[in-house]
Each structure stands twice: as C-alpha cells, then as structure tokens.
Amino acid sequence: MTNKVLAAVAVGQKETVLREFDLPDISAEEGILRIEIVGICGSDVSYYRHFQEPKILGHHVVGYIEKIGELAAKKWGLKEGDRVAMEEYIPCGQCKACRTGSYRSCTFTDPRSGGIRYGTVPVSIKPSLWGGFSQYMYLHPNSVLHKMADHVPAVDAALTLPLANGFEWMSMEGKVRTGQVVAIYGPGQQGLACGLAAKAAGATVIMIGRSSSLRRLTLARELGMDYIINTTTDDLYSSIEKITDGRMADVVLDVTSGGAAPITNSIHIAKKGGTVLLGAYKYQAIPELHIDTVIKKTLTLKGVRGHSYESVQMAAELISAGKFPLSKLNSHNYGLDQVDLALKTAGGEGEPAPLLVTVTP
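What you are looking at is a predicted structure, and each value in this text was computed from that prediction instead of being measured. (Residues numbered from 1 in each chain as written. Predicted model: local features only at pLDDT ≥ 70, side-chain atom pairs only at ≥ 80, totals over all residues. Heavy atoms only, no water.)

## Digging into the overall build of the protein
Here is step 1: Counting its regular elements, the protein contains 12 helices and 15 strands.
Here is step 2: Overall size of the protein, expressed as C-alpha extent along the three principal axes, is 65 × 40 × 40 Å.
Here is step 3: Taken across its 361 residues, the protein has 54% of its residues classed as buried.
Here is step 4: Across the protein, the fraction of contacts at a sequence separation of at least 24, relative to all contacts at a separation of at least 6, is 68%.
Here is step 5: Within the structure as shown, the protein displays about 15400 Å² of accessible surface, and the carbon and sulfur contribution to it stands at 49%. (Helix = DSSP H or I, 4+ residues; strand = E, 2+ residues; numbered from the N terminus. Buried < 20%, exposed > 50% of the residue type's maximum accessible area, 1.4 Å probe, protein only. Contact = heavy atoms within 4.5 Å. Areas by Shrake-Rupley, 256 points an atom, 1.4 Å probe, with all protein chains shown as cover.)

## Remarks on the side chain of T120
Here is step 1: Here T120 shows up in the loop between α3 (96–99) and β6 (136–139).
Here is step 2: Exposure remark for T120: the relative accessible area of 12% places this residue in the buried category.
Here is step 3: What T120 contacts, discounting residues up to four positions off in sequence, is Y47, K55 and P111.

## Quick look at helix α8 (residues 236–243)
Here is step 1: Burial in α8 covers these residues: L236, S239 and I240. Within α8, the buried residues cover an arc of 95° as seen down the axis, which keeps them to one side.
Here is step 2: Here the buried face of α8 lies against β8 (181–185), β9 (204–209), β10 (227–230), β11 (249–254) and α9 (261–269). (Arc of directions from axis to C-beta.)

## Looking at helix α11 (residues 309–321)
Here is step 1: The first and last C-alpha atoms of α11 sit 19 Å apart over 13 residues, in line with the 18 Å expected at 1.5 Å per residue.
Here is step 2: Each element contacted by the buried residues of α11 is listed here: β7 (145–147), α4 (154–157), α5 (160–173) and α6 (189–200).
Here is step 3: Once α11 ends, the next one or two residues include G322, with phi positive near 65°. (Expected span 1.5 Å × (residues − 1).)

## Overview of the packing of aromatic side chains
Here is step 1: Enumeration according to the criterion identifies 4 aromatic pairs in this entry.
Here is step 2: Residues Y89 and Y103 carry aromatic rings whose centres are separated by 5.9 Å and whose planes lie at 75° to one another, so their mutual orientation is edge-to-face. With Y89 in the loop between β5 (83–86) and α3 and Y103 in the loop between α3 and β6, this residue pair connects regions lying 14 residues apart in the sequence. One exposure class covers both Y89 and Y103, and it is buried.
Here is step 3: Between W130 and Y138, the aromatic rings sit 5.2 Å apart at their centres with planes inclined by 80°, giving edge-to-face as the arrangement.
Here is step 4: Judged by relative accessible area, which is 4%, W130 ranks as buried.
Here is step 5: Here the aromatic residues Y118, W130 and Y138 are joined through ring pairs into a cluster of three or more. (Phe/Tyr/Trp six-rings, centres within 6.5 Å; stacked < 30°, edge-to-face > 60°.)

So this is what it looks like as structure tokens:
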C-alpha cells in the first residue's frame, strides 16, 4: 500500500485538478477506505458549479476497508478487505436526532451549520481525504458503513444511496404498499430509484416526464415501471384518470429540478386523501401553490430528504438480490483523471444523455 494518495480536488468554479496527499496514520477508532467506485449526485454538481473552498467531492462511495483500527473494527463489525457502501453523514451519535434514528438531521453532520459530511469538507481540514474522487478516503470514527455483497457489480453498488432515498421516501415516508398507484414526476436518477422502491413495495408506478427525457422514460419501462406519461404530447390529468379508472394517484412524488408546474400538477393528480411528496429543492418561491386544493382534497403535503440506516440496508438488500436490471441506469463511467468531464456530464454540460454517472479511481 502506498503512502501517497491521488485525488481530484475542486479548485475553482467548474475546475478540478489532480493532487497528491499523504495517507494519514489512523487511531484505534479510525480507518482507511480504498475506493472502488463513486456515483455522482446532484449536490456534487452544485458544489462544482458554485465553488467555495478546495475540496474533494463525491459521497456515493463504495470501496474496501484497507486499514481499520481495533476499536473501529469492533464498533463497525468490519475487518480489512470487507466491501462496504458508505453514507455521507458523519453524525455525533449523541444528540436527540441521532438517538431517535434521524441522524441525517444532526447538526454535527450539516455543512450548512458548520458540520462535516463526506464530499463537502475542505482539504484544509486534516486529513484532507474527505471525498470520494480519490484513491483512498479517511474513515472518521463516526462513519456509517454498510456491508456490500461481493457479487454485486460495482455500477449497481454505486446506486445504494439513491435507492436508499427511494425506500426512505416511498416506503417509510410515503407508506407505499401493495395495490397503490404511485406517480413520479421526474425520470432522473432519483425518480427512477424511487420508482424501483415503489415497485419493490408492490405498487403500480407511473413515471412522468417530457420529450427531452424520452430516453429516461423508455428506460423506466425497461426497469419495470408500469406506465409512462410524456407531458409534451399527453395530457397529464386525463392520462392519470384513464390509468386509475378515475381514482387518481395514491402517492405523488415531485423530484424535478425547477418550476412551479410539477408541484401544482402533483397536487392536481393526487386522489382525495392522497399524499404529495416533494423531494427536490426549487430555490424559488412558488406563488402558484393552491393551498385551497390541498385542503379541499385533504391531502398530506410532505417534504422528503435523505435516508436512514434502515433504508440504506433495504437498498443494499435489493441490489444484492438482483431483482432489477440496475446496470441499465449507468450511462457513463470515468477515471480519476476525468472527474471534470464526469461532473459536467452529470450536470448536462458534457457528454449526452446522462443517467447514473460514476467515477472509478
């Protein structure tokens, strides 16, 4: 094992460079991860576009335990050589949020409150190796790790966190169950992951997108979604009405990137007493939001974000089972020297038609 580590560091707006770092010594409570593959998330693209400080991005990480301290091995139930998927959170483990299982809300792991989270920590904070676009990553004592089966293809394993969000939002927040109809607005990586989670729960799934997302809508059918609706050519309400025999959707999820229309349309196509889940930041006020309709239809309107330990375990189990052709979701894979192109592609500015974009260091 080398004592030098190569990593792609974001050093300016839409710019990364390869830099060399020293591999840190570890205490009994820490570890080192040898990175196998990293999936690119929308937040990675946002940090890449809106540079603040030099940092190693990437937090959808799968890898192998390279070194592990004695206490860490006991706490994590792991040993050197084990393959793991890791969460981005580095919670304190002591606050009320952590104690009640909502550690994604722990202030200690919220970068907006000065906390630390993988893929967001500046390289100026030692030992610098806080991101996935690197050959190795430092494992903090409070890291959250999950064993990953050795037979799972790397590109499938890279979907662990998006699928975990899917299970969190569909099964745990939306209470999706067998016999329900779920409509998902936005056939991107997260929308498709939520569709898979809803299918795993036994629901009928309708994927909604525009002509610009036709490839993704086609992929949704290949992955097992029951219906697709192209809002460029099809009337959304009448299409949902026809599919459901007038009952409309039990659960609607909006994971589109902008605008008020998907939110108002989600409210419109939900059945009376249904649930509307909002899983994508809009970064704008929504004056068109019709609260009277929410009241009239007695809807549950709920924001969703992140995942829990349980939902990550559910995702890992689904991936291991091989029930769905998950490799179809991987559209681009790049080396460590191509991180700029990988981030541009994931953000729609690089190579065409991105879905899951990954980096293999």
